[in-house]
Structures are given as C-alpha cells and as structure tokens.
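# A closer look at the structure
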Amino acid sequence: MSLFRIHLAIACLLAGVPAFAQAPRYTLEKLADGVHAVIYNPELETEGNTLIVVNDRDVVVVDSNAGITTAKMTIAEIRTLTPKPVAFVVNTHWHDDHVMGNQAYADAYPGVQFIAHPLTRQDIVDHAFANNAFVIDVLASDIKRIAGYLETGSGRDGKPFTPDTRARAQIAHDKRVEMLADRKVMRAVPPTIDVAESMTLQRGAREIQIRFLGRGNTRGDLVVHLPKERIVATGDLVVAPTPYATNAYVREWVGTLDKLMAIPAATILPGHGPVMRDWSYARQVKSALEQTLAAVAAAKKEGLTLQQTTERVQLPEVRDSFMKGVETRRAGYEAFFRTSLIRNAWEELDAATMRADEGAVTTKVAEGVYARLRKDPTADPVDANVVIIVNEKDVVLVDSNVTLASTRATVRAIRELTDKPVRYIVNTHWHDDHVLGNQVYKEAFPQAELVSHPLTRDDIEVRAYGGNADYTKQLEEILPKRRLERDDPKTPAERRASLNTRIPEFEALLIDLKNMKPTLPEVTVADEMTLNRAGREIRIVFLGRGNTRGDLVVHLPKERIVITGDHVVAPIPWATEVYPAEWVATLDKLAALPADTIIPGHGPVMRDQQHLRKVQSLVRQVMADVKAARGAGLTLEQATEKIQLSEVRDQMTGGDARKVLLFEEAFRKSLIKRVWQEQADRTLP
Ligand SMILES: [Zn+2]
Ligand SMILES: [Zn+2]
C-alpha cells in the first residue's frame, strides 16, 4: 500500500466512509511459486487483472492495465517480487484496460517485447490508441459532471447521496482524474510480436503457452496457459461478476469457451474479477450466451426488430445468476452484457448485416486484377469498391474508402495479395467514399502518387474535405447530448437500444474526422494517360461528364476490363451530382470500350451491359418525363411528386425501407432536380 493510500484510508476513517472505499485498490495474490496476480475490485473500477510470471532470468506479464499510473503500481509490485526485468508483455486483447499501460513497461524495461494476436495489434492501433483525443474529451466531461454531483450532494438519479453512493461517485471521479492525466502524456506503444495461433515461451524450467482459441470477446483474444502450474489467464473471455460483450462474436465465443474449458486448470485468472478454482463460472457464461442466442433467434423468426428483441429478451434467471441481488451491478450488466450481447447476436444471425471488419470481400477478376467489393453496397455509410491491379513490378489501385479504418482494412487485403510497391492510386471522382482514405494509402505506400481529373482534385479539396470541420463540430455538439439521453433512465428502452448502436458508430466517425489530413491528387489527367507495365496496358481516361464533372475511367484493353467509378453503380444508381444528358452520352462511350467485364463503383462485378443500359434508359425516361412536366406547366415539386418510378424502385430495393430511402434521396429526387436544372438551361454546378 502506498503512503498516499494510507493517508487516504485514515482520512476516510475519520469521515465515516464505507469499508470498500478504505480498502486498497488491488490485491497481490500468489498463485504458485513465482506466479502472482494483481487483482482489482471490478465493482469499483474497470482495470484489467495482471498475471506476473517470474522466470529464471526474466519476467513475463499478461496485460498492462488501463493507464500509466496503474501500470506503474503493478511494476512497483513486480520490483518487490524480483529485480529481474520484464521481457514480454502479452496483450490478451485490444481493450484499453489491458493495453494502455504498455508505455510504462516500455519506459521501465527497455527492450521489452509486446505480444498480441495480429488483429489485436491492428485494433490497438486503430482503436485503443487512435481514440485517445476522444477519450480525453469524454473523461474531461465526465469529471465535470461527477464533480457537479459531489458538489450538489445528489447523484445522476437526483437522489441525495448516501455514504455508499457518495464514496462510489468519489472513486469514479478520482479514477477519471488519474486517467485523464495519463492520457495527456500517452504515446502509442503497439505490440511487436504477432501470435496468430500459438507460441510457447520456454524460460528455464518454466513453460508458458500463448494461444488463440478462436474469436469470442474480440476478434483476437489470446489466452496464457502454464501447463505445469495448471494456471490459465483467460483475458476477457471470462469476466466476473458480470461478463463483457461489447465487441463479442457470440456464436464463436461458445465454441471458444469450450476449448478454454478443455484446458486442465486448477487456477483461473479472469480478465476482471477474483481468481477462480474451476470452470463453473465460465460454464455459466456459456449458458448465458446459448440462451441469449436461442431467444434472439426466436424473436427474429417472429419478425421482431432489434429494439423489440432487446426489450423482450430479459432472461431474468440469467440476470439473477450474475447480479446476485447486488443492485450496483445492474447498469454494467445491462450496458456491457445484456444489450451488447443481444445486438451482436442479432447482427450475427442477420445474414444481411455484416460486422464492420467483414464488410468487404476481395475477389479475383482476372490474372493480377482484384476487386475488393462491399458485401452490402447499400450499407450505411455507403463505401466504394476498390480495384487492385498487380503488375509485374508494382501495383496500381483504383479508389480508397469512406473511413480511415475501412481503408486500413483495404490496405491489409492488398498486403495479403502482394508486397510489390503501390505506384499509382486513381481517384475516379471526388465523392467521400472514394477519397477520404487517401491519407491511409499515402501512409502505407509513401512512394505512390495519387491521380485524378484536375476538376476532381479541386472538388476533393473543397467538397470532400471542405465539409469536415462543420461535420466535426456538429458531431461534437450532438454526441454529448445523445450520451446523456442514453444514460437517462427516463429514455424509452427502444430509443436507448438504438442509441447504444449508433453512438459508437458516430464516435468512430468523429475519431476519423479528427484524424483526417486532406490528401490531394498529385498527378492530374484531363484527357488520357496510359501506364505501360510489362505485359499490361492501363488506360486512365476521361470520357466526358456524367456522375460528376471529372470522372476518370480505367480500362485494361488486353484483359477487356473497364473500371467505371460511379458512372455505373448497383443496385441503386447515384445521381446527386450528375450531368444527365452528358451521362447518357458517356455511358454510350463506356459501353463502346472493348470489354467483357465491368467493375462498377459500387455493386457486383458485371459480365454484361444489362445494368448499364437499364440505368441509361431510366435517365432518358426521366429526361422525357421532366420535359413533359415542364411543358404542362408543373413546378419542380409537382414534377417530383408525379415522377415516382415506383416499379424500378421496387425492383432495386425489394421494398427494404433503408434502400428505399437511398433510392429516393441519392437517385430519384436528385436526378429529377438535376434534369430540371439542365432543361431550365441553367448551368449545372
Ligand atoms: Zn477488460
Ligand atoms: Zn461512390
């Protein structure tokens, strides 16, 4: 116990503060000779447990705490146990409370290596560290809010504090103050060693197995097993007293727990909570997962929405088995387990909804030509197809993605195909979903040059990036209000469930926006540029206006492939900035190129021109309809009301509400308006 803690305990005694607030923050427990655990009270703070394994010459640590301060406390304990240096830190998964202390280990033990699953390494970089600015904002606003409660003497529910609730609020406040100070001096210390399947560290007489048993708590959970000592550190695959499921892969978690429980263990260190002596608690978690999956599947079969399902699937026995009548566990159980579990189970059971990291699939179109296609081209936010052309010595890419994270996933997909250097990246046009990931490409492929039409270059600068500051400001204003609404017990359950899903999405978007650096094309092509690569000809051409004022098309004459950008989009065409009459003509020129394969800006690879011709005739029809409406003296509003395109809408959307909205906003209303402007003889912007 530190001097500070002792002083605090004495001060608390004098003030008549409850026992839990006087207790030390953690206990150091001996599990076997040379094997110790630092265990926090999960009912008071969110801190990952740490396993300390002292070997003949060095120390191996599992998980590094939620901050620099707590990691330093753990390091101080290690130094009371042994002067030997920490050689390895295993990060069981990417969540902050297991990785943010890495920096303290790197400072205390030069040369220490950090071990993680490769996907965890990526998630630590993309989420845990990238979120820092955002977490700083949240902590600062939380501190202000809780300090307000402490000052007025009543909590979030408006009820006056009891000694118990006041002590809890004080602990929550102090924890955040500590974390905020840590976060302000934080630097990224990512894992250095990947373990995708298993690795054994033989340290003298000690054997330490590090294994990936399958997805569960996250997509890259490692467990650490000491076979001789029969000790297992589970990471957050097992968390007590209430499990954690915000990023869970529910169905796979069941199988992963089976594999975990097959390990003969006498001592189990969970990610959070006290040391366990058998697998009974893990079995209880598995049963909760299975019951939830069954209940969600039944609700879906009845046609219930996610909100209705969340309301319906209460499973009171499951809840009581974790809460055990301790009321302070309820909020955590609801937010981090029950509602998260239902949402994730719902998404897994819903074939139409893909998890973020599974949103795209790379398919081979011809030798060395790959298309990375979105599985659901209408998913929100709409994201672009990317084409990867692997030549003899280098690589040419067509388009980036709508977010930094999504483009990072594309970079990983490219790296799985080839290590050849990327030389050129074509931005077919300026829309966000084709250009906002440019900076990720430039970071990953510094020798690459971005190519676009000169007008597209201007539009990327002014229109794609120009709106970011406004959008960031809006999100920053809206998000705290939405968080308050979500946390307000008076908010209806349905609304809360939807906020629970949307808030993390907006938070991720905000992080992206804050980290975004405008990255503009360096090479412009007003007419045509041909890249001759041993055996491959790549023509980058401007065929005329259509989707925007500066669309480039990429044509591979030998492979008979044409990459159209958003001149061609399926299933729902995009018309927000189209030049309708010219679009019709440009589509003719596109169709005349010698090609059998069309890779559109969105949607599946096409082997014929059916969709292209259908869209073209639709544009012609709308042009005729608008002309007739104008002739009859209708206003734009009246014409929009009249030209419904209901048959096409039903064909393209199947009546799905989300797709209908996209059809209406991105296509029908936009197209009618653009045709109207064009016919009114105004210059189209
Ligand atoms: Zn955790
Ligand atoms: Zn697009």
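Residues numbered from 1 in each chain as written. Chains lettered and ligands numbered in written order. Predicted model: local features only at pLDDT ≥ 70, side-chain atom pairs only at ≥ 80, totals over all residues. Heavy atoms only, no water.

Turning to the environment of Val 60, a few remarks are in order. Topologically, Val 60 is positioned in strand β4 (residues 59-62). In this structure the C-alpha to C-alpha distance between Val 60 and Val 195, which are 135 residues apart in sequence, comes to 15 Å. The contacts of Val 60, once residues within four sequence positions are left out, are Leu 51, Ile 52, Val 53, Asn 55, Phe 88, Leu 201 and Ile 208. (Helix = DSSP H or I, 4+ residues; strand = E, 2+ residues; numbered from the N terminus. Contact = heavy atoms within 4.5 Å.)

This part covers the coordination of the zinc ion (ligand 1). Every protein donor of the zinc ion (ligand 1) is accounted for by Asp 97 (OD), His 98 (NE2), Asp 236 (OD) and His 272 (NE2), and the metal-donor separations fall at 2.0 to 2.3 Å. Its four donor atoms give the zinc ion (ligand 1) angles of 80 to 165° at the centre, a pattern that matches the irregular case. (Donors = N, O, S within 2.8 Å, 3.2 Å for Na, K, Ca; no water. Tetrahedral: all angles 85-135°; square planar, octahedral: opposite > 155°, others 65-115°.)

This part covers the packing of helix α10 (residues 280-301) against helix α13 (residues 330-349). One can describe the packing of α10 onto α13 by two numbers: an axis separation of 9 Å at closest approach and a directional angle of 55°. With respect to α13, the axis of α10 lies oblique. Viewed along their axes, α10 and α13 form a crossing whose handedness is right-handed. For the pair formed by α10 and α13, the contact residues are Ala 288, Leu 289, Thr 292, Leu 293, Val 296, Ala 297 and Lys 300 on the first element and Phe 337, Leu 341, Ile 342, Ala 345, Trp 346 and Leu 349 on the second. Counted by class, the contact of α10 with α13 contains 11 nonpolar, one polar and one charged residues. (Axes fitted to C-alpha atoms, helices over the stretch in contact; angles between N-to-C directions. Parallel < 35°, antiparallel > 145°, perpendicular 65-115°, else oblique. Left-handed = near helix turned anticlockwise from the far one by under 90°. Nonpolar A, V, L, I, M, F, W, Y, C, P; charged D, E, K, R; others polar.)

Coordination sphere of the zinc ion (ligand 2), protein contribution only: Asp 433 (OD), His 434 (NE2), Asp 566 (OD) and His 602 (NE2), at 2.0 to 2.3 Å. Bound by four donor atoms, the zinc ion (ligand 2) shows angles of 83 to 165° at the metal and therefore irregular coordination geometry. Every donor residue of the zinc ion (ligand 2) comes from the same chain, spaced as D-H-x131-D-x35-H. Summarising the burial analysis for this pair, Asp 433 and His 434 share the class buried. (Buried < 20%, exposed > 50% of the residue type's maximum accessible area, 1.4 Å probe, protein only.)

What follows covers unusual backbone geometry. Here the bond from Ala 240 into Pro 241 is cis, since omega is 5°, no more than 30 degrees from zero. Examined against the element boundaries, Pro 241 turns out to sit in the loop between β11 (231-233) and α9 (250-261). Following Ala 570, the chain continues into Pro 571 via a peptide bond in cis, with omega recorded as 0°. Note on placement: Pro 571 falls in the loop between β23 (561-563) and α20 (580-592). Of note, the phi angle at Asp 63 is positive, near 75°, even though the residue is not glycine. Tracing the backbone through its elements, the reader meets Asp 63 in the loop between β4 and α3 (68-81).

A word on the nonpolar core. Among the nonpolar cores identified, the biggest contains 39 residues, and Trp 583, Leu 590, Phe 667 and Leu 671 are the most heavily contacted of them. Setting aside residues no more than four positions away along its own chain, Leu 590 makes contact with Leu 543, Val 553, Val 562, Thr 564, His 567, Val 568 and Leu 612. One finds Val 238, Ile 268, Val 285 and Phe 337 within the second-largest nonpolar core, a separate group that totals 37 residues. (Core = buried A, V, L, I, M, F, W, Y, C linked by side-chain atoms within 4.5 Å.)

With that out of the way, let us pick up the packing of α3 against helix α8 (residues 163-184). Relative orientation and spacing of two packed helices are given, respectively, by the angle between their axes and the distance between those axes. Where α3 contacts α8, the two axes come as close as 8 Å, and the packing angle between them is 95°. Of the possible angle classes, the one that applies to α3 and α8 is roughly perpendicular. Contacts between α3 and α8 involve Ile 68, Thr 69 and Thr 70 from the first element and Lys 175, Glu 178 and Asp 182 from the second. Residues of the contact of α3 with α8, tallied by class, amount to one nonpolar, two polar and three charged.

Taking strand neighbours across the sheet as the criterion, the five strands line up as β20-β21-β22-β23-β24 in an open arrangement whose pairing is mixed. Sheet topology places β20 (528-533) and β24 (597-599) at the edges, where each strand pairs with a single neighbour. The mean inter-strand angle of the sheet, taken between neighbouring strand axes irrespective of direction, is 20°. As judged from the four bridges shared by strand β21 (residues 536-542) and strand β22 (residues 552-556), these two strands associate in the antiparallel manner. (Pairing = 2+ DSSP bridges.)

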